[in-house]
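# Fold and geometry: a report
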Amino acid sequence: MATGRPTHATSPSNHLIPVGNLSPDTFAPFGQVIQNPATHNDKSGLAHIIANQGTATKWLDVTDMTGHYERSRSQRQARVAVNMFVCQPRKLEERSDGRVIFNVEILERHPFTPQTFVPLGVSKSDDKTCYLVVVAPTLPSRSWDDQSERQPPYPTPPSPKRRRSLKELLLGARPNPFTNDYAPSTTPPPVTPSSTLKPKGPGPPDLANLKAFVARGDQAVTYGPGTWHAPMVVLGEKPIEFVVVQHANGVASEDCQEFEIKSDDVVAVDGPAKSAHHKVTSDKASHNYRQWGPRCRVDSKDPVPQISTQTSKLATMNIRGQVEQPT
Ligand SMILES: NC(=O)N[C@@H](O)C(=O)O
């Protein structure tokens, strides 16, 4: 459902941006990567404890799912929504120069909520099935070309914190109302109660600084609240099932906003040229190439895969909600 007339943002001129492997560090400006720190040489410093009678390692607070709907215009309360997306492999376009590209036609964002995609049943060793995470920084709000257009709803600054009364503080110390006991959970309370992923600003996506990351099946990804991202792009031959966790309040324009790239613009994720890739890869890799040039890991021996963003005209923003209003 369209909730506003198209708004315009200036597009970049032609340029190329490398595609990288998804890692907590490289993805930090856009959100978080969830992966087993023990098997990913992960230096994120996550705390862990031993749980389940000594049979489990429990990594704590692996992602920040704080919602920000209290700052929405409607003030309608959000709930946690857990959906499943079964994503088919995307069609790639083979260009006359031998490059295989993925056309990014649309970006979207969820202004008040993080959104986590957890792939099911794809093993770390499956290098033929992976997904591409495409994200863009947010430009300052003044970058909308026409300020007279109604801008999309966006988080307002939080109201100043009220001091809690002594009674409220004491009530907070009561036993758990569900179990009525004082037994500590195995999960200590978070050290910082405030969220680590802050909502991005209200501006349009910065198409000149799009980033793309190849993610493996043993990695889940959390887009930070308000982060511009392409709808999920599965690469390979098989679909991937994702469990997707977010908040939603049923107000279409507050749950999801889209930025359409007009059809006469090209914003593409670009694999390496076929000939270059064949020079350096084994049979196994060239088989994978038929599905996607960069394979599921980009290593230093690979020709650098690129995102090519070429735009001839202004891109158009359509604010479109995707979540139906509750009846
Ligand atoms: N990311 C993605 O594939 N889709 C969504 O964000 C969605 O909510 O539709």
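Relevant structure appears above.
Residues numbered from 1 in each chain as written. Predicted model: local features only at pLDDT ≥ 70, side-chain atom pairs only at ≥ 80, totals over all residues. Heavy atoms only, no water.

### Here's the deal with the pairing of strand β10 (residues 115-120)
Our working rule: The rule for pairing is simple: two strands pair if DSSP sees at least two bridges between them. In this description a helix means any DSSP run of H or I spanning at least four residues, a strand means any run of E spanning at least two, and both kinds are numbered starting from the N terminus.
Looking at chain direction, β10 and strand β13 (residues 220-223) are connected through 3 bridges and run antiparallel. Directly across from F117, in β13, lies its bridge partner V221. Here 6 bridges tie β10 to strand β16 (residues 240-248), and the two strands are oriented antiparallel to one another. Bridged to V118 within β16 is V243.

### Side note on the site of the ligand
Where we set the bar: Throughout, near means a residue has at least one heavy atom within 4 Å of the molecule or strand. Think of a polar contact as two N or O atoms within 3.5 Å of one another; within protein, one of them needs to be a possible hydrogen donor and the other a possible acceptor, and neighboring residues in sequence only count if both atoms come from side chains. Surface accessibility follows the Shrake-Rupley procedure with a 1.4 Å probe radius. Residue values consider only the protein chains on display as shielding. In this count, Pro and Cys sit with the nonpolar residues alongside Ala, Val, Leu, Ile, Met, Phe, Trp and Tyr, while Asp, Glu, Lys and Arg are called charged and the others, Gly among them, polar.
Taken together, 9 residues are adjacent to the ligand, and E108, H110, Q115, H229 and M232 come closest. For the ligand, an oxygen atom lies 2.4 Å from a polar atom in the side chain of E108. Separating an oxygen atom of the ligand from a side-chain N or O atom of H229 is a distance of 3.1 Å. Here the ligand has 270 Å² of accessible area as a free molecule, and 87% of this is covered by the chains. Here the shell around the ligand is built from residues that sort into 4 nonpolar, 4 polar and 1 charged.

### Regarding the nonpolar core
Put simply, the test is: Throughout, nonpolar core names a set of buried Ala, Val, Leu, Ile, Met, Phe, Trp, Tyr and Cys residues whose side chains join them through atoms within 4.5 Å. Three exposure classes are used, based on accessible area relative to the maximum for each residue type with a 1.4 Å probe and protein chains only: buried under 20%, partly exposed in between, and exposed over 50%. By definition, residues are in contact when any of their heavy atoms lie within 4.5 Å.
With 19 residues, the main nonpolar core has F27, Y131, V133, V221, Y223, M232 and F242 as its most contacted residues. When contributions to this core are tallied by element, the ones reaching two or more residues are β11 (130-136), β12 (211-215), β13 and β16. Leave out the neighbours within four places in its chain, and V133 touches F27, K211, A212, F213, A215, V221 and Y223. By size, the runner-up hydrophobic cluster in this structure holds 18 residues, among which are L107, L132, L207 and L235.

### Some words on the state of the cysteines
We count it as follows: Counting rule for disulfides: a pair of cysteine sulfur atoms within 2.5 Å.
Throughout the structure, instances matching the rule amount to 0 disulfides. Here C87 is not disulfide-linked; the sulfur of C130 is the nearest cysteine sulfur, at 13 Å. Given the relative accessible area of 10%, C87 is considered buried. Here C256 is not disulfide-linked; the sulfur of C87 is the nearest cysteine sulfur, at 14 Å.

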